[in-house]
Each structure stands twice: as C-alpha cells, then as structure tokens.
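Examination of the molecular architecture
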Amino acid sequence: MVAVSAEETKSQRTMGLPQATALILGSIIGVGIFNLPYSLAAIGPISIAAMALTTVGALALAVMFASLSRRLPADGGPYAYARAAFGNATGFTNAWSYWITAWAGNAAIVTGWVFYVEYFINKDGVTGWSIVIALVGLWLPALVNLVGTKSMAAVQLWTTVIKFIPLAIMSTAGLFFISTGNFTPWNVSGQSTIGAIGSAMAICLFSYLGVETAAVAADKVRNPERNVPRATVFGTLASAAVYLLSMVAIFGIVPTTQLALDENKASYSVAANSMAGSGHWAGDLVAAAVIVSGFGALNGWTMICAEMPYAAAHDGLFPASFGRNSSRGVPAVGIVASTVLASLAMVLSFLGTSGATVFNTLVLMTGITAAIPYAFSALAQLKWRLRDQREMHTPRFARDAGVAIVALIFSILFVWYSRNTGQEHWYVVWGPFLMAGGALLIGVPVYLSMRSRMAAPPPVPPYR
C-alpha cells in the first residue's frame, strides 16, 4: 500500500469548480455526440426518443453520484463506493471494469475523432492511415497528461469552450433549418419500437459516459464535498440540453438515408454545409471544432484512465507501480499502460470491421463495462440509505432511493441492449460482449496475485 501525506494530497488539489465542471463537460462532450447521427442512422430518428430516455438515466446517475460524493469524497468514484459497500473482491471487479471503460472509451473516442480528421485528409478512409491518425490522437493527450495536472486542466478548460461552439449553433440556429419530412420514416431498423429504442439507448449511453469523472478525480478537486456534486449536476444538465436539441436539428436537417452514407461520417459538418447553403466552409469550421473537442475528451479521459488504477493501487488492489507519481506528479504507469491498451483495442477494431461498426462495437463494449460500476454504485446507495433510514430517519430518503433504483434499472438495460443489431455475423453481433468479457477475464490473475495485499475497506461515513 502506497502512503500519501495530507500535505501531498492537499497540494494535488489543482481544480476548482470551473475546472471540475469543465472536466465533466469535457469528458461527457467528446466526439460521441458528433458521431451519433451516423452511428444511429441505421435505426432512424426514433433515436431522438432513445436519447431523451438515456438523458433520464444519465441525470439519475449524476444526482446519485453527487449524493455519494458528498458522503464519500474518495478518489476513484464508483470503484470506491463499491469497495466500501461490498468489500475488496467487488471493489476490484468494479475498478477493473471501470478501467476497461476508460481505455476502451478512449479507443472509441479516437475512432470517432478520426471521422472528422478524415474530413480533411485520408478522405478515402484507407485503413492504415486511419490507424496512424488514431495513434496520434491517443498519444498526444497522453503526453499532455505526462507533463502534469495543471497542463491537463488548462487544456480541458479551453477545449470545453471551443467544443460548445458547434453544439450551440446546431442547438439554436440549426432548429430553423429543420424539415419535418426528414423525421419519417421514424424507425428504419426493422425492429419493434421498444427494440429500436433499446438498441439506440445502448449507443447513446456512450455520449454520457463521464457523469462520474469529477467523483473519480475527487483527489484533484479543491473542496470536493462541495465542488464535486455541483460540477457533476451542472455539467450533466448542460450536456443534456445541447445533446437533445442538436440531435433534433441534425436528424431534421439531413435525411436519414444521407446520414447513413460512409462519406457523411462527419454528420455535423454535413448539416452545417446544408445550413450554409453553398461551399463547405461551414463544415470545415465544425470539423475543426470537433477535432479540438475530441482532443479535449481524450485529454480528460486519459487522466481518468490513470486515476482509477492509481486509487486502487493505494488500496492494495492494483500493482504498486500504478500508485506512484512521476517527478511531474502524475501516475505515469497508468497513463502509459492505458494508452497502450487503447491503441491495441483501436487497431483490433479497425482490422476486424469498418465504418460505424468499428465505432459502435467499441461504444457498446464500454457501455457494458461502465454499467457494472454504475449498477454497483446504485446498490451501494440503496444499502447505505436503507441503513440510514433504519437508524435515524434521514431526510430525502425517498428521493435518494428512487434515483438509485432508476440508475440501477438503466444500468441493467444498457447491458441488455449492447448488441450490434442488424449485423450478419454472430461474432460481430456479440462482439461487444466478447471484447468486454475477454478484458474482464484478464483481471482474474491480477486479482489473485493482489488479494493478499489488499487493505481493508474504509468505514462508511454517516449520512449528511
């Protein structure tokens, strides 16, 4: 177990409320929303309803994590809650699962980021060059993080400001260019209404991954008991507003048949060109902003990739090397290891499939591995709030328990619908489960080697 002094912990708290909110926004709003219209075109405009339902689940998760972070403002977020509530074995499973979510999520983000880079170069989508571009997109943010947390926070703040520009334009001006005829047919998936919404929800979840990032990085936030909950709720509400409005605009501006074309992967740029009426200058500006947005998301998630194993290493659940800071004050081993794994996942996905299927497979894989710690966080909240209510009849019990139940239900649904529907080969349909299962199994020998060194879970603070 790695000891950290109170003075060292205090000196590491470099993010206030604006930076923590930017971390939430920067991690949630990456390139996921910018790729969704292309990824969901095979399902149709009914995906807007799926996004609305996913927003309900995301807000439930945000409120739940805000409540949990007030009670236990521990570095590691969902992992820390599961460990404190259910012990080290469950804690390790959640830490490992969330770590997979982080680096596989980076692989998905960079895959979608490539779509917009290729709006300018490699327009034919040559696989070899796509892989090279993606590797640059993964390793540049890793280098920024290796320099130090202050550099990471500065990049996060400014890239968050830039990424809001195309979303704000599409969420406001874009609504005036809608043609209602583009919303029909409503469901083109060939599935039932419930099946189509469920399949779209599983993909939409990826756009909301990040509601817990301020809780995961609580050790880097000043006054975490106050700032982590506020950043979580503010960031999620802001993301939800621009997500829903911009999705309505995109599906209303560009017909579904056009959104599904490989040459229209950069769907927000296609919509911007349609709004401008002539030339492609508007699409160029949007693509440039999305590239910056993707870099910001990769920058934030690279830090999260390292924070989860860093916290777990301090508790004796991960190898000690993950818990050591470099001379720059960052967990370099976690950053490098996560980026290597993200690179491998990205390369394997590009070699196996193409187009939206590459992105969707990685997206659904991260949905599965994220839903596990989300569900256990909900179970931890229910366990603690039921105990609170028996002991002292605490206020807000109905709200907290109700929100946790909603979060648990949505977590289960996200796993249930995480299949690549509409694909010909079974291994592509079940690819997200195969990849997630394989990554989870790799953790078994790590757990067996570390279980004798694991520190006892901390006591759970009383309700407040």
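Treat the numbers as computed from the prediction; the structure is a model and nothing was measured. All residue numbers here refer to positions counted from 1 along the written sequence of the relevant chain. Local features in this predicted model are restricted to residues whose pLDDT is 70 or higher, and side-chain atom pairs enter the listing and the counts only when it is 80 or higher, whereas totals over whole chains, interfaces and linings include all residues. Values reported for side chains reflect all heavy atoms of the structure, with hydrogen atoms and water molecules removed beforehand.

**A look at the overall build of the protein chain**
Basically, it comes down to this: Numbering of helices and strands runs from the N terminus; a helix is a DSSP stretch of H or I covering at least four residues, while a strand is a stretch of E covering at least two. Between two residues, a contact is recorded if the distance between any of their heavy atoms is within 4.5 Å.
Within the protein chain, the secondary structure is distributed over 19 helices and zero strands. At a minimum sequence separation of 6, the contacts of the protein chain that also span at least 24 residues come to 84%.

**Comments concerning the confidence of the model for the protein chain**
Selection criterion: The pLDDT value tells you how sure the predictor is about a given residue, anywhere from 0 up to 100.
Averaged over all residues, the pLDDT of the protein chain is 83; the fraction at 70 or higher stands at 89%. Of all secondary-structure elements in the protein chain, the lowest mean pLDDT belongs to helix α1 (residues 6-11), at 44, while helix α17 (residues 397-416) reaches the highest, 91. Predicted confidence for residues 1-11 stays below pLDDT 50, and this span has twelve contacts to residues more than four positions away or in other chains.

**What to know about helix α9 (residues 193-208)**
Which entries qualify depends on this criterion: For a helix, the expected span equals 1.5 Å multiplied by the number of residues minus one. What is called the bend at a residue is the angle between a pair of axes, fitted to the seven residues leading up to and ending at it and to the seven starting from it. When accessible area is computed with a 1.4 Å probe and restricted to protein chains, residues below 20% of their type maximum are described as buried, those above 50% as exposed, and intermediate ones as partly exposed.
Taking 1.5 Å per residue as the helical rise, α9 with its 16 residues ought to reach 22 Å, and the 22 Å between its terminal C-alpha atoms agrees with that figure. At Ala-202, α9 shows its largest kink, close to 30°. Of all the 16 residues making up α9, 14 are buried; the element is thus mostly covered by neighbouring parts of the structure. Phi for Gly-210, located one or two positions after α9, is positive at around 130°.

**Side note on the packing of aromatic side chains**
Rules: Side-chain rings of Phe, Tyr and Trp (the six-membered ring for Trp) are treated as a pair once their centres are within 6.5 Å; stacked means planes under 30 degrees apart, edge-to-face means over 60, and tilted covers the remaining angles.
The final tally for this structure, using the stated rule, is 19 aromatic pairs. Ring plane angle 65° and centroid distance 5.4 Å describe the contact between Trp-96 and Trp-99, whose orientation is recorded as edge-to-face. Of this pair, Trp-96 and Trp-99 both sit in helix α6 (residues 88-117), three residues apart, roughly one helical turn. One exposure class covers both Trp-96 and Trp-99, and it is buried. Taken together, the aromatic side chains of Phe-92, Trp-96, Trp-99, Phe-318, Phe-322 and Tyr-447 make up a single cluster linked through ring pairs.

**Here's the deal with α17**
Helix length check: α17, at 20 residues, gives a terminal C-alpha distance of 29 Å against a target of 28 Å (1.5 Å per residue), a fit within 8%. Every buried residue of α17 is listed here: Asp-400, Ala-401, Val-403, Ala-404, Ala-407, Leu-408, Phe-410, Ser-411 and Phe-414.

**Here we look at the pattern of salt bridges**
Pairing of side chains with opposite charge becomes possible as their charged atoms draw close. The criterion, for reference: Definition used for salt bridges: Asp or Glu carboxyl oxygen within 4 Å of a side-chain nitrogen of Lys or Arg.
What the rule picks out here adds up to five salt bridges. Of the charged contacts in the structure, one is a salt bridge between Arg-83 and Asp-315, with a shortest N-O distance of 3.3 Å. Within this pair, whereas Arg-83 is found in helix α5 (residues 78-86), its partner Asp-315 is found in the loop between α14 (281-314) and α15 (332-352), the two being separated by 232 residues in sequence. With respect to burial, Arg-83 and Asp-315 carry one shared label: buried. Here the salt bridges do not stand alone but share partners, grouping Arg-71, Arg-385, Asp-388, Arg-399 and Asp-400 into one network.

**Some thoughts on unusual backbone geometry**
Here the residue pair Thr-184 and Pro-185 is connected by a cis peptide bond, since its omega of -5° sits within 30 degrees of zero. Positionally, Pro-185 belongs in the loop between α8 (149-172) and α9. Even without being glycine, Asn-122 reaches a positive phi, approximately 50°. Of note, Asn-122 is situated in the loop between α6 and α7 (127-147). Take Asn-122: its relative accessible area is 17%, and that puts it in the buried class.

**Focus on the packing of helix α13 (residues 267-276) against α14**
Filter applied, for reference: A fitted line through C-alpha atoms represents every axis, and for helices the fit uses only the stretch in contact; the resulting angles, taken between N-to-C directions, go from 0 to 180 degrees. An angle below 35 degrees is read as roughly parallel, one above 145 as roughly antiparallel, one from 65 to 115 as roughly perpendicular, and any other as oblique. The crossing is said to be left-handed when, going from far helix to near helix, the turn is anticlockwise and less than a right angle, and right-handed when the turn is clockwise.
Contact geometry of α13 with α14 gives a least axis separation of 7 Å together with a crossing angle of 150°. It follows from the interaxial angle that α13 and α14 lie roughly antiparallel. Once α13 is placed against α14, the crossing between them reads as right-handed. Facing Tyr-268, Ser-269, Ala-272, Asn-273 and Ala-276 of α13, the residues of α14 in contact are Trp-281, Ala-282, Gly-283, Val-286 and Ala-287.

**Overview of the nonpolar core**
Using the following cut-off: Only buried Ala, Val, Leu, Ile, Met, Phe, Trp, Tyr and Cys residues count toward a nonpolar core, and they belong to the same one when joined by side-chain atoms within 4.5 Å.
Counting 137 residues, the largest nonpolar core has Ile-33, Trp-103 and Phe-318 as its most contacted members. Once residues lying within four places of it in the same chain are set aside, the contact partners of Trp-103 are Cys-305, Ser-338, Leu-341, Ala-342, Ala-345, Met-365 and Ala-439.

**Some words on the side chain of Asn-106**
Put simply, the rule is: Two N or O atoms form a polar contact when they lie within 3.5 Å of each other; inside protein one atom must be a possible hydrogen donor and the other a possible acceptor, and for residues adjacent in sequence the pair counts only when both atoms belong to side chains.
For Asn-106, the position within the fold is in helix α6. Residue classification places Asn-106 among the buried positions, given a relative accessible area of 4%. A polar contact of 3.3 Å, which involves the side chain of Asn-106, links it to the side chain of Thr-302. Look past the residues within four positions of Asn-106 in its chain and what remains in contact with it is Leu-138, Ala-297, Leu-298, Trp-301, Thr-302, Cys-305 and Ala-342.

**Observations concerning a nonpolar patch on the surface**
Heads up, the condition is: What goes into a patch is any residue over 30% in relative accessible area without a salt bridge, connected to like charges within 9 Å or, for nonpolar side chains (Val, Leu, Ile, Met, Phe, Trp, Tyr), within 5 Å. Each accessible area value is a Shrake-Rupley result obtained with a 1.4 Å probe; residue values ignore everything except the protein chains displayed when judging cover.
Side chains of Val-126, Trp-129, Val-132, Val-136, Leu-140 and Leu-143 sit close together on the surface and give an oily, nonpolar patch of about 560 Å² of accessible area. Mapping Val-132 onto the fold places it in helix α7.

**Things to note about the side chain of Thr-339**
Mapped onto the secondary structure, Thr-339 falls in helix α15. With residues near it in sequence (within four places) discarded, Thr-339 still touches Leu-138, Trp-139, Ala-142 and Thr-302.

**Some details on the environment of Ile-43**
One can find Ile-43 in the loop between α3 (32-40) and α4 (47-71). Each C-alpha atom, one on Ile-43 and one on Ser-189, is 4.3 Å from the other, the two residues being 146 residues apart in sequence. Leaving out residues up to four positions away in the same chain, Ile-43 has contacts with Trp-186, Asn-187, Val-188, Ser-189, Ala-196, Ser-199 and Ala-200.

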